[in-house]
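Remarks on the overall topology
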Amino acid sequence: MDNSPPNPSLLQAPIAIAYLDKDLNYIIHSKKWCDDHKLNLDNIVGMNHYDLFPNTSKNWREVHLRVLSGCYESNAAEKFIRKDGSELWLRWSVNPTYDKSQIVNGMVMTSENITESMNARLKIDREHQLLLDASDKAKIGSWEISYLTGELYWSDVTKKIHELDLDYVPDVMSALNFYKPGINQEIITQMFTTSRLTGEQFDVDLQIITAKGNERWVRSVMKAEMFKGNCIRQFGTFEDITDKVTSDIRFKHASKKFHDVFEASGVGMLVIDPIDLKITQANPSICELLNFDQEHIKTASLGEFISKTEFPVLFNSVTDLLNKKIDHLTIDINLKKSTGRFVICSIVGTLIEDENGDPVDLVIQIVDISEIKKKEQELKTFTSYVERQNQRLLNFAHIVSHNLRSHSSNFEVLLQLYQQETKEADKNSIIHLLNSSSTQLSETIDHLNQVVALNTDKIELSTIYLKENIFKVMENISTNIKTNNVNVDVDVDDDFTIDASPAYLESILLNLLTNSIKYRKKNVQTRIVIKAFKYNGKCRIIFQDNGKGIDMKLNGHKVFGMYKTFHGNADARGLGLYMTKNQVEAMGGSIRVQSQIDVGTTFKITL
């Protein structure tokens, strides 16, 4: 075979081709050969191939040797790295050339630059692989049946969903039989037939039974390609949606269970938007509690049922819940009923989040605790009363023990002295002391009787005109008021009434008036101011003077103690304020004192 080089017109050939002799020197070549290989030369005739390509690999040198021995070599696509580092994809062939005696005398090399098409193909391959990877992760397979070839194709993911080996070869009948017998097989068979006849597209969720006997939910998308009224191809996707369906079923069951509990609960319940606190659901119990119909509540915000002063408490608690500073909401707050009256309620809230951890709903339970709070207050009041009574009993026991022991010891000493004395005058003196001690003992017993009566007598309250009673007490001590030039200013309305024990009220007014006169400042006109007004539904009496005052830092804790005196007056017994405090508290009231030395004292009585 004569493979001698063609004529010089080869230089203009549109392909890269070159003829070389047995020593691999160029005999003739196309211009494109130089261009494709970026040789920057127009004519390389006579030049050696290895001089032009000094980095020719060992593999290529072996190719040249095999060709010179009569072999034919080719490659549909091979990557080369140029001198400048760029990639070059070539489709090449190297064949021997022969002289007239059929002896190899060289070779002819052809190459086609397929870099652009290869890059496009590689890009497609990469994208295809990414699609396959995504499909595998998403459990989305594909299928196709060609009616021209009769071939049914399943992707690897489709086979995995059916729990089949990857070399499994499917057919139409077995494919349909994988669907769960009954309604599932009936539906898929009808859709498959209809799609083939009409070209209609279907998208359906059905159950299959895999090759290993496991039930799975799948989404099958079916399309058809029609040509001149005939179906030539059906194809689609096949997705495993078992987890999604199972999750949906569980969610529906949970939602139904929650709805049943929500509606039947005897506890008030609301579902609200945790961001704007809009109410989305309200159960019958909360409607009954607040006395609103369900539609009204569902169109409102939770803030509309809470006072402006308490709303920040709710807002801050919900904010802490959203910021995960707390894991649930627990607050006591007043909610407004349709009547406008507020009822104190205990609110417990749980935040519902989606799969991403974002808040969806806030479910709160609301319980009317007004009766509980009332009982708690009653218990607190009773406990406080018992504590006061116990303290009084302790004080009383201490006073009895101390005072009677003092008198007893005094009697014992005087009697011993009386027995030892022989002189009649001395005995008479001791008798005089015994009489005096007896008088003091009687006075002590009288005081103790007053305390006992105060804590045991039944208190009956009646409505009293306060101003009238103040003037009555002032009239009883009018001589004392005039003698000491005392100015009493009574700032009380004529019709001001108070619920109190008449005897206790008279005793309280008398004690406070006489104390102000007794502990007045010398050389300064004594001024006493008595005021009365309503305060939080109760009566507040203010009794103020400009007397000596009390050192509250030193004696503030002893002001209302029994037998506590602070000014050294000879006639002071320390019983008046003790009795006053006990009388006020026996009527269910309270008394507080403010005082400053050389400024005066103010008593505040609340009944």
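Residues numbered from 1 in each chain as written. Predicted model: local features only at pLDDT ≥ 70, side-chain atom pairs only at ≥ 80, totals over all residues. Heavy atoms only, no water.

So, the side chain of Thr-580
Within the fold, Thr-580 resides in helix H18 (residues 576-586). Sequence-distant contacts of Thr-580, defined by excluding residues within four places in its chain, comprise Ile-508, Asn-511 and Ile-591. (Helix = DSSP H or I, 4+ residues; strand = E, 2+ residues; numbered from the N terminus. Contact = heavy atoms within 4.5 Å.)

Some details on the sheet that holds strand S15 (residues 359-368)
Judged by pairing direction, the sheet is antiparallel, and its five strands sit side by side in the order S12-S11-S15-S14-S13 without closing on themselves. Of all strands in the sheet, those bounded by a partner on one side alone are strand S12 (279-282) and strand S13 (329-336). Each neighbouring strand pair of the sheet contributes to a mean axis angle of 30°, computed without reference to strand direction. Judged from the eight bridges that link them, S13 and strand S14 (residues 342-353) form a sheet pairing that is antiparallel. Bridge assignment links Asp-332 to a residue of S14, and that residue is Ser-346. Each of strand S11 (268-272), S12 and S15 is contacted by helix H8 (residues 242-264), which is oriented at about 135° to S11, the strand it contacts most. Running over the sheet, helix H11 (residues 311-322) touches S13, S14 and S15 and is turned about 150° from S13. (Pairing = 2+ DSSP bridges. Axes fitted to C-alpha atoms, helices over the stretch in contact; angles between N-to-C directions.)

Considering the packing of aromatic side chains
Taken as a whole and assessed by the stated rule, the structure comprises eight aromatic pairs. With centroids separated by 6.1 Å and ring planes inclined at 50°, the aromatic side chains of Trp-154 and Phe-178 adopt a geometry described as tilted. Within this pair, whereas Trp-154 is found in strand S7 (residues 152-154), its partner Phe-178 is found in the loop between helix H6 (172-177) and helix H7 (183-198), the two being separated by 24 residues in sequence. Given a relative accessible area of 6%, Trp-154 falls into the buried group. (Phe/Tyr/Trp six-rings, centres within 6.5 Å; stacked < 30°, edge-to-face > 60°. Buried < 20%, exposed > 50% of the residue type's maximum accessible area, 1.4 Å probe, protein only.)

Section: the pattern of salt bridges
Within this structure, the stated rule accounts for 21 salt bridges. Put simply, Asp-240 and Arg-216 hold a salt bridge, and the shortest N to O gap is 3.9 Å. Of the two residues, Asp-240 sits in strand S10 (residues 230-240) while Arg-216 sits in strand S9 (residues 215-227), which places them 24 residues apart along the sequence. The exposure class assigned to Asp-240 is buried, which follows from its relative accessible area of 13%. Measuring nitrogen to oxygen at the nearest pair gives 2.6 Å for the salt bridge that ties Lys-324 to Glu-353. (Salt bridge = Lys/Arg side-chain N within 4 Å of Asp/Glu carboxyl O.)

Observations regarding a nonpolar patch on the surface
A cluster of nonpolar side chains, Leu-379, Phe-382 and Tyr-385, forms an exposed patch at the surface whose accessible area comes to about 330 Å². As for its position among the elements, Leu-379 is in helix H12 (residues 370-420). Judged by relative accessible area, which is 54%, Leu-379 ranks as exposed. (Patch = residues over 30% accessible without salt bridge, like charges linked within 9 Å, V, L, I, M, F, W, Y side chains within 5 Å. Areas by Shrake-Rupley, 256 points an atom, 1.4 Å probe, with all protein chains shown as cover.)

Details of the pairing of strand S22 (residues 600-606)
S22 sits mainly inside the fold: six of its seven residues count as buried. Two elements, strand S20 (residues 538-545) and S22, share six bridges in a ladder whose sense is antiparallel. Bridge assignment links Phe-543 to a residue of S22, and that residue is Phe-603. Sheet topology places strand S21 (residues 590-596) next to S22; seven bridges connect them, and they run antiparallel. Bridge pairing in S22 places Gln-596 opposite Gly-600. Between S21 and S22, which pair antiparallel one after the other, the connecting turn spans three residues, and Asp-598 there sits at a positive phi close to 65°.

Side note on the nonpolar core
Residues Leu-466, Ile-470, Ile-498, Leu-513, Ile-530, Phe-603 and Ile-605 are the most contacted members of the largest nonpolar core, which totals 38 residues. Per-element accounting of this core gives the leading share, seven residues, to helix H16 (residues 502-518). In contact with Phe-603, not counting residues within four places along its chain, are Leu-512, Ile-541, Ile-542, Phe-543, Phe-560, Leu-577, Ile-591, Arg-592 and Val-593. Membership of the second largest hydrophobic core comes to 28 residues, among which are Val-343, Cys-345, Ile-364 and Ile-366. (Core = buried A, V, L, I, M, F, W, Y, C linked by side-chain atoms within 4.5 Å.)

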